[in-house]
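Listed here are the chains, written in short residue letters.
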Amino acid sequence: MKARSKAQVIIGNWKMNKTIAEAKAFVAGLEPVAAKCSAVVGLAVPFTALSAVAAEAHRSKILVGAQNVSEADNGALTGEISSRMIKDAGAAFALVGHSERRRDFHEQDVQVNLKVKRLLAVGLRPVLCIGETLAQRESGAAHEVLAKQLHAGLNGVTAEQVAGMIIAYEPVWAIGTSKAATPADVQEAHAFIRSEIVAGWGKEAADGVVLQYGGSVAPHNAAGLLSQPDVDGLLVGGASLSLESFIEIVEKN
Ligand code: PGA
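Residues numbered from 1 in each chain as written. Predicted model: local features only at pLDDT ≥ 70, side-chain atom pairs only at ≥ 80, totals over all residues. Heavy atoms only, no water.

Chemist: Would you take a moment to explain the overall build of the protein chain for this structure?
Modeler: Within the protein chain one finds 12 helices and 8 strands. For the protein chain, whose C-alpha radius of gyration is 17 Å, the value lies close to the compact-globule estimate of 18 Å for 253 residues. By principal-axis analysis of the C-alpha atoms, the protein chain measures approximately 45 × 45 × 35 Å. A buried classification covers 51% of the 253 residues belonging to the protein chain. (Helix = DSSP H or I, 4+ residues; strand = E, 2+ residues; numbered from the N terminus. Rg over C-alpha atoms; globule rule 2.2 N^0.38 Å. Buried < 20%, exposed > 50% of the residue type's maximum accessible area, 1.4 Å probe, protein only.)

As structure tokens, this is what we get:
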């Protein structure tokens, strides 16, 4: 197999889990593993733990990020958190457009696009999540949905910016279901996404962008997924809550 030209990026998405103390203990346990791992290891943590985790991970290789960000810069938006605020708290990246945000909080592509741009404007790395539902897949619309979410999410984003981003392919039917997509299905979807990026932003952007897979990633399926040529990393939900299982996944790189 041809040597990879860039490090794979494996991010744990804790969703609405972990207190500050739990988060700090996890990072302390992950640090020695991340230090000797060839992949870049990251954690998308709750806002409340961001600052503490960033301080804990300060001298380590672990990337720390948020799970969401406001599409606005500031103002009378009770309960919202801006890109400048998460940067100030120590974030290096943020997830945008996770399917739980799209489904449960009715986030639309236009908002997702504004969030991507807010992050880029302050020098943070967006992790843009896209993926089809089971009904969309079964009706043969998966590519159409992926292309729409990709192009809408990246509307107005430059090729140079795309090259530094992470796109996470997360089929909705695979999230939290223990039914991960097969490595062959993931490779097929990633090759399609990369070809769309070539068409829209050029080859350099497509070579630079990191394409992660997410959806029921676990220690038993991580190696098969990571071995696919167009899989540049993983976004891990449930299996990132336990230090042992997350380390097992990271060590599959
Ligand atoms: P899961 O979640 O690994 O629990 O399926 C992945 C995600 O939602 O990012």
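That was the structure; now back to the text.
Chemist: I'm lost on the pattern of salt bridges in this one. Help?
Modeler: Side-chain pairs of opposite charge can arise where the charged atoms are in close proximity. A complete count under the given rule lists 13 salt bridges for this structure. Arg 103 is the partner of Asp 104 in a salt bridge, and the nearest nitrogen-oxygen pair spans 2.8 Å. Salt bridges sharing common partners tie together Lys 6, Arg 194, Asp 230 and Asp 232. (Salt bridge = Lys/Arg side-chain N within 4 Å of Asp/Glu carboxyl O.)

Chemist: So what exactly am I meant to see when it comes to the sheet that holds strand S2 (residues 40–44) here?
Modeler: Pairing within the closed barrel is parallel, and its 8 strands lie in the order S1-S2-S3-S4-S5-S6-S7-S8. Taken pair by pair, the neighbouring strands of this sheet meet at an average axis angle of 25°, ignoring direction. Two strands pair when backbone bridges link them, and strand S7 (residues 210–214) and strand S8 (residues 233–236) are joined in this way by 3 bridges, in the parallel orientation. When the sheet's bridge partners are listed, Tyr 213 is paired in S8 with Leu 234. In the packing of helix H7 (residues 142–153) onto the sheet, contacts are made with strand S5 (125–130) and strand S6 (166–169), and the angle to S5 comes to roughly 155°. (Pairing = 2+ DSSP bridges. Axes fitted to C-alpha atoms, helices over the stretch in contact; angles between N-to-C directions. Contact = heavy atoms within 4.5 Å.)

Chemist: Is there a simple way to explain the side chain of Gln 228 in this structure?
Modeler: With respect to the helices and strands, Gln 228 occurs in the loop between helix H11 (222–226) and S8. For Gln 228, the side chain forms a polar contact with the main-chain oxygen of Gly 224, separated by 3.4 Å. Beyond its immediate sequence surroundings of up to four residues, Gln 228 is in contact with Arg 4, Pro 183 and Gln 187. (Polar contact = N/O pair within 3.5 Å; in protein donor to acceptor, adjacent residues only side chain to side chain.)

Chemist: Help me out: how do you make sense of the environment of Ile 130 in this one?
Modeler: Its location among the elements puts Ile 130 in strand S5. In the structure, Ile 130 is positioned 84 residues away from Pro 46 in sequence and 21 Å away in space, judged by C-alpha atoms. Residues in contact with Ile 130, not counting those within four places in the same chain, are Arg 102, Leu 146, Gln 149, Leu 150, Ile 167, Ala 168, Tyr 169, Glu 170 and Ile 193.

Chemist: Can you walk me through the packing of aromatic side chains in this structure?
Modeler: Given two aromatic rings, one states the distance between the centres and the angle between the planes to describe the pair. One pass over the structure, following the stated rule, counts 3 aromatic pairs. Each ring, one from Trp 14 and one from Phe 26, has its centre 5.0 Å from the other, and the planes form 80°; the classification is edge-to-face. Here Phe 26 lies in helix H1 (residues 20–36) and Trp 14 lies in the loop between strand S1 (9–13) and H1, a separation of 12 residues in the sequence. The two residues Trp 14 and Phe 26 agree in class, both being buried. Residue Phe 26 is classed as buried on the basis of its relative accessible area of 4%. Chaining the aromatic ring pairs together yields one cluster made of Trp 14, Phe 26 and Phe 246. The positively charged end of Lys 18 is found above the aromatic ring belonging to Trp 14, 5.3 Å away from the centroid. Against the face of Phe 105 rests Arg 101, its NZ or CZ located 4.1 Å from the ring centre. (Phe/Tyr/Trp six-rings, centres within 6.5 Å; stacked < 30°, edge-to-face > 60°. Lys NZ or Arg CZ within 6 Å of the ring centre and 35° of its normal.)

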